[in-house]
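Geometric and topological summary
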Amino acid sequence: MFKARDAALIAMFAALTAVLGLPGALSPFGASVPITLQSLGPMLAGAILGWKRATASAIVFLLLVAIGLPLLAGGRGGLGVFVGPSAGYLFGWIAGTAVIGALVQARLPRFTWWWTAVSILIGGIGVVYLLGVPVLAMVTKTDGLMATAAAAAVYLPGDLVKVVIATTVAVGVHRAYPDLLPGLRARVSQPGSLPPA
Amino acid sequence: MAGRGRVRPPAVWSIPVGIYHPGSSVLHRLPVGAKLVALLVTTSMLVLLRSGAVVLAGALIVVAGYALARIPPRLALAQAWPLRWFVLILIPTQAWLAGWQTAAVVVGTMLITVLLAGLVTLTTRTADLLAWTDRALGRLPGGAMISLILVLAIRAIAVLSVLLQQAHEARMARGMQWSARALVTPVVIRSIGYAHGLGEALMARGLDDDAPDPPAAGRGRRVRRG
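The sections below set out a description of the structure shown in this document. Here the structure is a predicted model, which is why all the values come from computation and not from measurement. (Residues numbered from 1 in each chain as written. Chains lettered and ligands numbered in written order. Predicted model: local features only at pLDDT ≥ 70, side-chain atom pairs only at ≥ 80, totals over all residues. Heavy atoms only, no water.)

**Some details on the packing of aromatic side chains**
Residue and element names in this part refer to chain A. We apply this condition: Two aromatic rings from Phe, Tyr or Trp, using only the six-membered ring of Trp, form a pair when their centres are within 6.5 Å; if the ring planes differ by under 30 degrees the pair is stacked, by over 60 it is edge-to-face, and anything between is tilted. Helix and strand assignments come from DSSP, with helices taken as H or I runs of at least 4 residues and strands as E runs of at least 2, each series counted from the N terminus. Burial classes: relative accessible area under 20% of the type maximum marks a residue as buried, over 50% as exposed, and values in between as partly exposed (1.4 Å probe, protein chains only). In this scheme, Lys NZ or Arg CZ marks a charge over a ring once it lies within 6 Å of the ring centre and within 35 degrees of the ring normal.
Applying the stated criterion across every chain, the model contains four aromatic pairs over all chains. Ring centres 6.0 Å apart and planes at 90° place the aromatic pair Y89 and Y129 in the edge-to-face group. Of this pair, Y89 sits in helix 4 (residues 87–106) while Y129 sits in helix 5 (residues 113–140), and the two are 40 residues apart along the sequence. Given a relative accessible area of 10%, Y89 falls into the buried group. Judged by centre distance (5.9 Å) and plane angle (80°), the rings of W114 and W115 are edge-to-face. Among the residues examined, W114 registers a relative accessible area of 41% and is labelled partly exposed. The cationic tip of R107 hangs over the ring face of W115; the distance from NZ or CZ to the ring centre is 5.4 Å.

Given below as structure tokens:
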């Protein structure tokens, strides 16, 4: 299924999602307001590893949370988060990262920053909210529209910023390691296939 | 690349420890599988039935369970604490829209399911859950690989927290402490370098030997860049 190198990459991106959830990575208001970059993890995994390995890394990350490691933003972990109101967003990470990877891979060997941004927007926000909002509405028995509005108001500005960050990071990483996605390597050296960093 | 230098123990980012609360109660000694099945059954009942009587029974189970496992009230509260905003918003809105009884059932169901799942986590060692996951995955095709990746990922968290600390200090030195990109790009690039080294170490230990080797892109030109 996965080769040794894939296994190592999957483990690293699962761990990356974990450390991005620790407070301090992005702290415009100091340590007291824990804004984290955690949802950047699935976005980056999808755009960098492709759908198969990205899906595996999201599953591995959630398994680590499930066995009791407090890796979710705010030091949450254990089985409780999978039955709470935000559970849909967690499962949304699995589907979302798969969609990002599939969209990015669909246009290979062409790799452009704008398509990467569109892919991350669709998978990282669209798909994640598509699973997160109905579960939130179900658990809290709120009607769908209210839950959608609440979700959008709270998470959307931060998530849009993360789409921008994830796009620039993914483009930079593919410049540094052009053979991470099979098929990308052939075109990456040609002028115009990647924007200047 | 910036951020080279002596490796300092991470100050902001620390290696996580599990949520497990040590003890010797019946709940601590129950087999992992039994606890997970009990949790699945109870949670499904609560969510599917959603009635006042079921919520009351669930609340009794929660209180009895936490008392039996001798969980300090502070830790029990910590399990429900992440839900505080939901509770504060839901009680008045549900009470206004659907009445007090519905509000109590909705909020009660949410609190009880989260507290019950938290109880399983509090009374089960992370190592035991990992071993149980390992056995469960061992029966699935490709499950052994996921088990290995789980262990690699736990180790990688420690490695990455050091990389993150270094990149954080580097971006401070460059006067870019507000730039998330200046933090994340070097961390991701260096972690991929680390993953390639790890992959080679695993290959040297024969991980890829049992699988027939497809003409994979990258084999033979795994040159470390950077």
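Text resumes after the structure shown.
**What about the nonpolar core?**
Definition in use: As used here, the term nonpolar core means buried Ala, Val, Leu, Ile, Met, Phe, Trp, Tyr and Cys residues forming a set that is joined through side-chain atoms within 4.5 Å. For the domains described, the bounds stem from an automatic or database domain assignment. The contact criterion used is simple: two residues touch if any of their non-hydrogen atoms lie within 4.5 Å.
Core analysis: the largest hydrophobic core is formed by 111 residues, its most contacted members being F13, L40, L44, I48 and F61 of chain A together with V188 and I192 of chain B. Residue contributions to this core peak at 14 residues, all from helix 1 (residues 4–20) of chain A. Looking at which domains feed residues into this core, each of domain 1 (8–124) and domain 2 (126–208) of chain B supplies at least three. Apart from residues no more than four positions distant in its own chain, L44 of chain A is found in contact with F13, L16, L49, A166, V169 and A170 of chain A together with V184 and V188 of chain B. By size, the runner-up hydrophobic cluster in this structure holds eight residues, among which are V87, L90, V106 and V114 of chain B.

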